[in-house]
Amino acid sequence: MMQKETGYLPKRYNIKSVKEMTSDVKLLRVSSKINPLPGQFIEVSIPGIGECPLASCSFNKDYVDILLRNAGNTTSEIFKLKAGDKIYIRGPYGKGFPLETCGKDILLAAGGTGIAPVTSFIEYIEKNRKKFGKITIYFGFRNKDYILLKDKILMWKKKFNIRLTLDQKSPGYLNGFINQLIEKDHPNVENSVAFICGPEIMMKAITKSLNSLGMKNNKIFWSMERRMECGFGNCGRCTIQDVYVCENGPVFRYDFIKPRIENEEHANEVKE
Amino acid sequence: MQKVLKKKELNNFIKELMSNYEIIAPVKNGKFEIIKDPSNMELGKITIVPAKEFFLPEGETLIEFKGKKVIKTHPENKKRIIFGMRKCDLNAVKIMDSIIKDENYLSRRKNTILMGIFCEHPDEYCFCNSMELEDYYDLLFYPEDDKYYISVGSEKGKKLVAKLPEAKKEIIRIIKNFKRVPDKSIEKHYRNKIWESDANRCLSCAACTINCPTCTCFEIYDELSPDLKNGTRKRGAASCQLKSFSTVAGGKAFRNSRLARFKQFVYHKIVYYKKRNGRYMCVGCGRCLRACPPKIDWTDTINILTGMKNHDAKRNRVSAKKV
Ligand SMILES: Cc1cc2nc3c(=O)[nH]c(=O)nc-3n(C[C@H](O)[C@H](O)[C@H](O)COP(=O)(O)OP(=O)(O)OC[C@H]3O[C@@H](n4cnc5c(N)ncnc54)[C@H](O)[C@@H]3O)c2cc1C
Ligand code: SF4
Ligand code: SF4
Ligand code: FES
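Parameters and conventions
- Residues numbered from 1 in each chain as written.
- Chains lettered and ligands numbered in written order.
- Predicted model: local features only at pLDDT ≥ 70, side-chain atom pairs only at ≥ 80, totals over all residues.
- Heavy atoms only, no water.
- Helix = DSSP H or I, 4+ residues; strand = E, 2+ residues; numbered from the N terminus.
- Rg over C-alpha atoms; globule rule 2.2 N^0.38 Å.
- Buried < 20%, exposed > 50% of the residue type's maximum accessible area, 1.4 Å probe, protein only.
- Contact = heavy atoms within 4.5 Å.
- Areas by Shrake-Rupley, 256 points an atom, 1.4 Å probe, with all protein chains shown as cover.
- Buried area = accessible area lost by both parts, 1.4 Å probe.
- Salt bridge = Lys/Arg side-chain N within 4 Å of Asp/Glu carboxyl O.
- Phe/Tyr/Trp six-rings, centres within 6.5 Å; stacked < 30°, edge-to-face > 60°.
- Near = heavy atom within 4 Å.
- Polar contact = N/O pair within 3.5 Å; in protein donor to acceptor, adjacent residues only side chain to side chain.
- Nonpolar A, V, L, I, M, F, W, Y, C, P; charged D, E, K, R; others polar.
- Domains from an automatic or database assignment.
- Axes fitted to C-alpha atoms, helices over the stretch in contact; angles between N-to-C directions.
- Parallel < 35°, antiparallel > 145°, perpendicular 65-115°, else oblique.
- Pairing = 2+ DSSP bridges.
- Core = buried A, V, L, I, M, F, W, Y, C linked by side-chain atoms within 4.5 Å.
- Expected span 1.5 Å × (residues − 1).
- Bend = angle between axes of the 7 residues up to and from the residue.
- Patch = residues over 30% accessible without salt bridge, like charges linked within 9 Å, V, L, I, M, F, W, Y side chains within 5 Å.

Enquirer: Any chance you could break down the overall build of chain B for me, citing the residues and the numbers?
Expert: Secondary structure summary: chain B contains ten helices and eleven strands in total. Against the globule reference of 20 Å for 323 residues, chain B gives a C-alpha radius of gyration of 21 Å, in line with a compact fold. Seen along its three principal axes, the alpha-carbon backbone of chain B occupies a region of about 65 × 60 × 35 Å. Buried positions account for 56% of the 323 residues belonging to chain B. Here the analysis covers contacts within chain B between residues at least 6 apart in sequence; of these, 71% occur between residues at least 24 apart. Here chain B displays about 15,000 Å² of accessible surface, and carbon together with sulfur accounts for 52% of that area.

Laid out in structure tokens, this is it:
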């Protein structure tokens, strides 16, 4: 068991490489031996600018990959960094994907930058291939220019059943949302566990499709996002009712988190 | 065995402690302050502002940057005594202890002795008796006639009163409350529409969370020196009553409605924290009710939801009468 991290002091690391993915997404490779478990996240910062939680996008003992979307104050500054620059990291934090799902068929689904945590799990599976059954991976992106981690996806195509679909029509690509593709594919989910990461609207739609194939909510896991500050259960920012996304998640079994999300959504729907 | 101290000796007793400790106590303007002169203490009333700023100072530095180096700052380790906290505030410290775990807090906490006082004058907002409070103190002063009878709760406390004589009798008193919240089983009522009548009046001003001794949620922010070479990473209070509390990059707020935010406050205090920690996060100090500009009383709402008899409930309302 890892010791629970409760300090705010980050460590300084070297950025090994930076790859541009799209106009607003880059992949940073940071030399570091922290090796987060699949699905865990880290707090990444630039001194004097700020800190933000980012998923580990790799499973490797020598580096951590960060798939970064330029979204605001801190991320836009990190976005400017180049190979050889320094970056500051504390963590890893959170509970990642339950590795006791070994032995099962795995269905993964990721939309947009939701591909980051899913990648850490895929890399774990690659390194522990014998422990898992059939692997099916769904990716969804807005259009051809928004496809992230293209090189990795091409490589995974050789090993896994990869299903990539685009929201907008584009020759040579499947078209539609992941949930539609799943319903069309009608995969056998009898011995499967599903892991999903993406916008909640998308995760909901995919969950519904999986339900329609007979998959129960206790076999479906969501990787969630909430406003965070500390990353380890102290600042109170990331809660969904009684649950702390940073500490109890960010990966949750859907049957566990569903009533909590729905209660808060219900309270949001009131007319003011 | 309790110790005794004559009331007229209190100021001298405190003064003596000042040679080894910083003394923090309630003063006239309704807050806790570091005092130099014990005669400035105001022990008769609950403070408006709790003592949490002495554990979580606003804008405290968590780490410093010197060029490319990050440095851990060492929190002050002054020995200090907080005198004059009541049962509610003492319990609030216990709750903070269960939440905040960083070194700054732990160091301040370790260096602080809690010298509490029995609450003789709860007001019409107090409902501590309904909140299953515990004994949590290093020393607790029970006023009785012209003396204080002092209960000892820890070794640290024991040392402070070592020189005082032992009491011939034991004085333990029970706080009298006017307000009651007997049944707090509101989990199943989360979606009840009655919360809308509270939330509709709420101004999202955050006075409730600012003044609550157990509200500790915070944000972390960086500051850069003018030469852009050095900087600090700081911590400041955050309030779940503000939209920004749950807002992420791009502008989505996960608690977008006042209703969602208002219920977050009440349910965190009464339901969520209890699920995780086995006790309420509210200590019944009433500060949130006193501070609320539109005078929203969520305890009243709980009483209605849990079916307190109408005539009892009426009696219980803050506007009804004093203790
Ligand atoms: C567990 C987790 C994993 C994430 N993984 C990734 C990832 O792999 N790649 C990626 O590009 N983004 C990821 N995000 C989102 C990322 O954290 C935000 O885009 C980022 O915090 C924005 O910070 P900012 O300072 O640029 O934006 P601002 O809008 O200036 O935000 C200010 C502060 O608010 C907080 N904040 C803002 N948005 C979010 C958010 N969405 N989630 C949590 N805190 C937020 C941060 O503390 C941030 O410093 C993840 C979020 C979480 C919770
Ligand atoms: S919720 Fe209100 S009554 Fe309860 S501890 Fe906080 S301020 Fe005091
Ligand atoms: S003090 Fe009253 S009005 Fe202000 S946020 Fe709290 S409940 Fe709302
Ligand atoms: S991020 Fe601070 S409690 Fe979860």
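Following the structure, the description resumes.
Enquirer: Any details on the interface of chain A and chain B? Residues and values, ideally.
Expert: Opposite the 44 residues of chain A that make contact, chain B presents 45 residues. Of the roughly 3,800 Å² buried between chain A and chain B on both sides combined, carbon and sulfur atoms contribute 52%. Broken down residue by residue, the surface that chain A buries against chain B is led by Tyr8, Asn234 and Arg237 of chain A, which jointly contribute 17%. For the interface between chain A and chain B, the tally reads four salt bridges. Where Arg276 of chain B meets Glu247 of chain A, a salt bridge forms, and the shortest distance between an N and an O atom there is 3.0 Å.

Enquirer: Break down the packing of aromatic side chains for me, with residues and values.
Expert: Throughout the structure, instances matching the rule amount to 26 aromatic pairs over all chains. For the ring pair Phe252 of chain A and Phe256 of chain A, a centre distance of 6.2 Å and an interplane angle of 15° mean the geometry is stacked. Under the relative-accessibility criterion, Phe252 of chain A is labelled buried at 2%. Between Tyr190 of chain B and Tyr267 of chain B the ring centres are 5.0 Å apart and the planes differ by 75°, which places this aromatic pair in the edge-to-face class.

Enquirer: Would you mind going over the site of ligand 1 in detail, with residue names and values included?
Expert: The local shell around ligand 1 holds 22 residues, among which Glu51, Pro53, Leu67, Arg69 and Thr75 of chain A are the closest. One chain alone does not account for the residues near ligand 1; they come from chains A and B. A distance of 3.2 Å is found between an oxygen atom of ligand 1 and a side-chain nitrogen or oxygen belonging to Arg227 of chain A. At the level of elements, strand 4 (50-55), strand 5 (63-69) and helix 1 (73-78) of chain A are the ones that each hand at least two residues to the shell around ligand 1. The greatest single-element share of the shell around ligand 1, amounting to five residues, is contributed by strand 4 of chain A. Along the lines of polarity and charge, the residues of the shell around ligand 1 split into twelve nonpolar, four polar and six charged. Each of domain 1 (3-93) and domain 2 (105-271) of chain A gives at least three residues to the shell around ligand 1.

Enquirer: Report on the domain arrangement of chain A, specifying residues and quantitative values.
Expert: All names here are of chain A. Its domain assignment divides chain A into domain 1 (3-93) and domain 2 (105-271). For domain 1 versus domain 2, the distance between C-alpha centres works out to 21 Å. In this assembly, 29 residues from domain 1 lie in contact with 27 residues from domain 2. Interface of domain 1 and domain 2: buried area, both sides summed, is about 2,100 Å²; carbon and sulfur atoms make up 64% of it. Looking only at domain 1, the three residues that lose the most surface to domain 2 are Phe41, Phe59 and Leu67, adding up to 24% of its buried area.

Enquirer: An account of the packing of helix 5 (residues 194-201) of chain B against helix 7 (residues 258-277) of chain B is needed here, citing residue identities and associated values.
Expert: Residue and element names in this part refer to chain B. Close contact between helix 5 and helix 7 brings their axes to 9 Å; oriented N to C, the two are set at 105°. Considering the angle they form, helix 5 stands roughly perpendicular to helix 7. From helix 5, Trp195, Glu196, Asp198, Ala199 and Asn200 reach across to helix 7, where they touch Arg258, Leu259, Phe262, Lys263, Val266 and Tyr267. Looking at the contact of helix 5 with helix 7 residue by residue, the class counts come to six nonpolar, one polar and four charged.

Enquirer: So, the sheet that holds strand 6 (residues 86-93) of chain A: which residues are in play, and what are the values?
Expert: All names here are of chain A. Within the open sheet, the six strands sit side by side as 4-3-6-1-2-5. Their pairing is antiparallel. Edge positions in the sheet fall to strand 4 and strand 5, since each of these pairs with one other strand and no more. Here the average twist between neighbouring strands, direction ignored, is 40°.

Enquirer: Could you give an account of the sheet that holds strand 3 (residues 32-34) of chain B, naming the residues involved and the relevant values?
Expert: All names here are of chain B. Spatial strand order, 1-9-8-7-6-2-3: seven strands in an open sheet with mixed pairing. Taken across any chain shown, the strands that pair with only one partner, and hence form the sheet edges, are strand 1 (3-6) and strand 3. Strand-to-strand, the axes of this sheet are offset by a mean angle of 25°, without reference to chain direction. Across three bridges, strand 7 (residues 112-117) lies against strand 8 (residues 139-144) in parallel orientation.

Enquirer: Before we move on, can you summarise the domain arrangement of chain B with the specific residues and values?
Expert: All names here are of chain B. Domain boundaries in chain B define domain 1 (2-56 + 74-160) and domain 2 (187-215 + 240-315). Of note, the centres of domain 1 and domain 2, computed from C-alpha atoms alone, are 27 Å apart. On the side of domain 2, 24 residues touch domain 1, which itself brings 24 residues to the contact. Roughly 2,000 Å² of surface becomes buried between domain 1 and domain 2 when both sides are summed, with 59% attributable to carbon and sulfur atoms. Between Asp123 and Arg290 there is a salt bridge whose closest N-O contact spans 2.8 Å. At the boundary of domain 1 with domain 2, the tally comes to 13 residue pairs in polar contact (both at pLDDT 80 or more).

Enquirer: Hey, could you go over the site of ligand 2 for me, with residue numbers and the actual values?
Expert: Residues and elements named next belong to chain B. Taken together, 13 residues are adjacent to ligand 2, and Cys212, Cys282, Cys285, Gly286 and Cys288 come closest. For the shell around ligand 2, the secondary structure elements donating two or more residues are helix 7 and helix 8 (287-291). Residues of the shell around ligand 2, tallied by class, amount to nine nonpolar, two polar and two charged.

Enquirer: Could you give me a rundown of the nonpolar core, with the residues and numbers involved?
Expert: Nonpolar side chains in soluble globular proteins tend to end up buried together. In this structure, Trp195, Val266, Ile270 and Trp298 of chain B are the most contacted members of the largest nonpolar core, which totals 109 residues. Looking at this core, the element that brings in the most residues is helix 7 of chain B, giving ten residues. Residues Leu27, Ala110, Leu149 and Ile153 of chain A belong to the second largest nonpolar core, which totals 35 residues.

Enquirer: Pulling in residues and values, what's your account of helix 7 of chain B?
Expert: Residues and elements named next belong to chain B. Its 20 residues place the ends of helix 7 26 Å apart at the C-alpha level, agreeing with the 28 Å of an ideal helix rising 1.5 Å per residue. For helix 7, the principal kink sits at His268 and spans about 60°. When you tally the buried positions in helix 7, you get 15 out of 20 residues, the bulk of the element.

Enquirer: I'd like to hear about a nonpolar patch on the surface, residue by residue, with values.
Expert: On the surface, Ile49 of chain A together with Leu224 and Leu228 of chain B cluster together into a nonpolar patch covering about 260 Å² of accessible area. Summarising the element assignment, Leu224 of chain B is placed in strand 10 (residues 218-224). Exposure remark for Leu224 of chain B: the relative accessible area of 37% places this residue in the partly exposed category.

Enquirer: Would you mind going over helix 2 (residues 87-99) of chain B in detail, with residue names and values included?
Expert: Its 13 residues place the ends of helix 2 of chain B 19 Å apart at the C-alpha level, agreeing with the 18 Å of an ideal helix rising 1.5 Å per residue. When you tally the buried positions in helix 2 of chain B, you get ten out of 13 residues, the bulk of the element.

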